[in-house]
Every structure is written in structure tokens, then in C-alpha cells.
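Now for the letters of each chain:
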Amino acid sequence: MKKILALVIMTIITFSQLSAFAMAESAECACVINALTGDVVFSKNMNQKHAMASTTKIMTAIVAIERCNMDEIVDVSAAAANQEGSAAYISEGNQYHMKDLLYGLMLNSGNDAAVAIAEHVAGSEESFAELMNEKAEELGLGNTHFMNPSGLDNPEHYTTVYNLALIARYAMTLPQFREIVATQTAQAQALNSDEILYFSNHNKMLSLYEGANGIKTGFTKSTGRCLVSSAQRDGMEFIAVTLNDPNDWNDHAKMLDYAFSEHYPKKLIEQGDTVKVTNIDGKDYSMVAASDFTIPFKEHQKTQVEVISHISNDLQAPINQGEKVGWLEIVCDGVSIGEVDIISENDIYGVSNIRLKNSFFSSFIRVAKILLV
């Protein structure tokens, strides 16, 4: 009986693995990660170097957002306006706000917008590519190298699906980026002419898949169809990537379905949960968590979750109701994955030298210190 049971279990595992592999059978390379933790849910040729086409523009947007004010005025050169390939249709000599060019970059996949942004930020495409590579190095991406901001083919312009998923994961931590890639349509007004531009997102996942909220398509003849998508449900978010996949819409739906089916949401912190702080004289005050924090877990997954409390160093009396007094840092298997603000539940007067108490409320201790299985 034991031998039969073992055989059945082995067969089930084998079929599960085959089913997972079949999810992206038309893709040369594929990967799905947990957006919160970066854990790999599914992969195929995960570390194989490959061209990335216009999914390059995810990094272009990251560099622009981190180095520019969104209201900065960008002048369009002849070189930018006359780029080959997909376009935002910006005109030579016109001026646009940086944010508008980012919509043209990410929705229309405008190569012209990519070059205009690069020239504004760094003076040239080549100098901007150096900034892209610096960011890739900062993110620890050893299998990624950029030669331009648009994704036009170049033998030294490559990534892997895993590296690209990590780039997308980082990009989705930037509020401006999240807003742009979740937008279906947008328009922009040139600042020095009557020209109005209309942008339409090439990412069909936004309308095809429940919970889809990004990110970017790409295509060249030699690279094939490339897609980075993301979706959020029940407080869980996953990022899927394929390179050279002629059936990418369907493959991404299957991969994301698999990720959601393999995980369940665990709410570690709930908005309004009480956190106690104490004054230097020993008097306690009740503060509260400002928002929920949910993490995706797999069945039978062993994960050590810690919550590290921090108190702001510059608190001054009085402390107003709703004022931030510190934050909770969530650490999963030794890696920091997020924060939740701690705010004052009431107005507090005559308080100085506040420091965080060593313990939380009892129910929170039970959640924070257990080994989740």
C-alpha cells in the first residue's frame, strides 16, 4: 500500500510540473515572480540572455522618473522626432512635460519619446544608456546590458526574463510608473503649439485579464514578441515575463492564473492595529497601523516573518491625530519587503523623547513571530 501511495504522489507531482511547463510552451524564455518578495513562481530558460525589444523602456522610465521632476520641460530634437519604429508622434521643436513623454513612451511605445527623454536627462542616448546600466548594476542584475533607451536591436543589448522581472518589480514600487502603465488611454498637449497627442496602451492584458495593472509590450522581427505583465488580486501581485513568445497574451493569462492559484493572501497587519509607544517617563500611548499589509503564501511554504518597529527621531509635541510617528518594517526570510506607517490615534500634548516600546499588542506578536507554514 505504501509503495502504491508513493507512486501516486510522484505521478501527481510529475503531472503538475508538466502542466506548469506547458503554460509557456510557445515562449523561448518565461518567468513569473511574486512582486512583493521577488520569489520565482515559474520559470523556463530563466537565465538565458536574450534581446528585449521595447520592454527596455521599463528601465528608461525608471531612470527618467528617478532623475527628473515630472513637470520638467523637454525639447524635442530632430534626431528624436525622426526615430524609426513605434512612435508617440512628437514633433521636432515642440516642448512637452516629462510626464507626458513618459505616457507616450509606455503606452505608444514611442522610440521618439525614448530618445527625447534620454537627450533631456543625459545629453545623448549613449550617456543615458550608461545611466541605465548603472541602475541595472545597482539592482544586482548581472545578465543585463543596455545600449539604447528604446530597445532597437543591438548584439550588446540584452537581459534575461528573470532580470527583466526584477526590473519590472522595482519599477512598480514607483507610484508614477504604476499610474502610467495601468492607463489605457491618455493625451498630451504640446506647450508651444496647438499639437495634441493621443496615446493608446499596446498592452491588451489590461482589458483581457482580471486585475491586470501593467506593464509593457515589445517587438522586433529578430527578437519576436516580448511582454511584461502584472496583475493584482486580493492584495497579491505577480509579474510575468516572456521573451520571443508568439502566443504571449494566452501564456501570460495561464502563468498569472497559476501564480494566483498556488498562493493565498495572508494579512499580516490590518489597518487600525494597535502599536504601543512609550514616553521616556514610562507613560504609554496607543498608535495604530495606517494600512493593511498582505503577503502571498504557498501551501506548506515555510517562511520566517519578522516585523521590526521604528520610531521617527524628530517627533515634536504636540503630536496630531493621524500624524506619522514611525513605521513597521516587514522582513521575510531576512529580506525587507515592505513598510507600514504608524500614526497617532489621538492628539498628544506635552510629549517629548518618545521611543518605541519593545513589544506590540499580544495578537500581533503571535502573527509576527510564528513560522508560517
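Predicted model only: the values in this text are computed from it and were never measured.

A.B. asks: Describe the sheet that holds strand 8 (residues 224-233), naming the residues involved and giving the relevant values.
C.D. replies: Read across the sheet, five strands follow the order 2-1-9-8-7 without closing on themselves; strand pairing throughout is antiparallel. Whereas interior strands pair on both sides, the edge strands pair on one side only; in this sheet they are strand 2 (40-44) and strand 7 (212-220). In this sheet, neighbouring strand axes are inclined to one another by 5° on average, regardless of whether the strands run parallel or antiparallel.

A.B. asks: Explain helix 7 (residues 161-171) residue by residue, including any values.
C.D. replies: In an α-helix, one full turn covers 3.6 residues, which means residues spaced three or four apart are oriented alike. Burial analysis of helix 7 places eight of its 11 residues in the buried class, the great majority of the element. Inspection of helix 7 places Val-161, Asn-163, Leu-164, Ala-165, Leu-166, Ile-167, Ala-168 and Ala-171 among the buried residues, and these make up the whole buried set.

A.B. asks: I'd like to hear about the layout of surface pockets, residue by residue, with values.
C.D. replies: In this model, the largest pocket occupies a volume close to 500 Å³. Forming the boundary of the largest pocket are 20 residues, of which Ala-35, Leu-36, Thr-173, Glu-237 and Ile-337 lie nearest the centre. Where the lining of the largest pocket is concerned, the elements lending two or more residues are helix 7, strand 9 (236-243), strand 13 (293-298) and strand 16 (335-344). Partitioned by chemical class, the residues of the lining of the largest pocket number 12 nonpolar, five polar and three charged. Taken as a whole, the second largest pocket encloses approximately 300 Å³ of empty space. In terms of lining residues, the second largest pocket is bounded by 21 residues, among which Ser-54, Thr-217, Gly-218, Phe-219 and Thr-220 are the most central. For the lining of the second largest pocket, the secondary-structure elements that each account for two or more residues are strand 7, strand 8 and helix 10 (248-261). The element that contributes the greatest number of residues to the lining of the second largest pocket is strand 7, accounting for four residues. By residue class, the composition of the lining of the second largest pocket is six nonpolar, 11 polar and four charged.

A.B. asks: Residues and numbers for the environment of Ser-222, please.
C.D. replies: The residue Ser-222 is located in the loop between strand 7 and strand 8 in this model. Take Ser-222: its relative accessible area is 60%, and that puts it in the exposed class. C-alpha of Ser-222 to C-alpha of Asp-153: the two residues are 69 residues apart in sequence and 7.8 Å apart in space. Side-chain polar atoms of Ser-222 contact the side chain of Asp-153, separated by 2.6 Å.

What counts and how
- Residues numbered from 1 in each chain as written.
- Predicted model: local features only at pLDDT ≥ 70, side-chain atom pairs only at ≥ 80, totals over all residues.
- Heavy atoms only, no water.
- Pairing = 2+ DSSP bridges.
- Helix = DSSP H or I, 4+ residues; strand = E, 2+ residues; numbered from the N terminus.
- Axes fitted to C-alpha atoms, helices over the stretch in contact; angles between N-to-C directions.
- Buried < 20%, exposed > 50% of the residue type's maximum accessible area, 1.4 Å probe, protein only.
- 1 Å grid on protein atoms, 1.4 Å probe; cavity = no way out; pocket = protein on both sides within 12 Å on 5 of 7 lines; lining within 4 Å.
- Points joined across faces, edges and corners; volume = space filled by probe spheres on them.
- Nonpolar A, V, L, I, M, F, W, Y, C, P; charged D, E, K, R; others polar.
- Polar contact = N/O pair within 3.5 Å; in protein donor to acceptor, adjacent residues only side chain to side chain.

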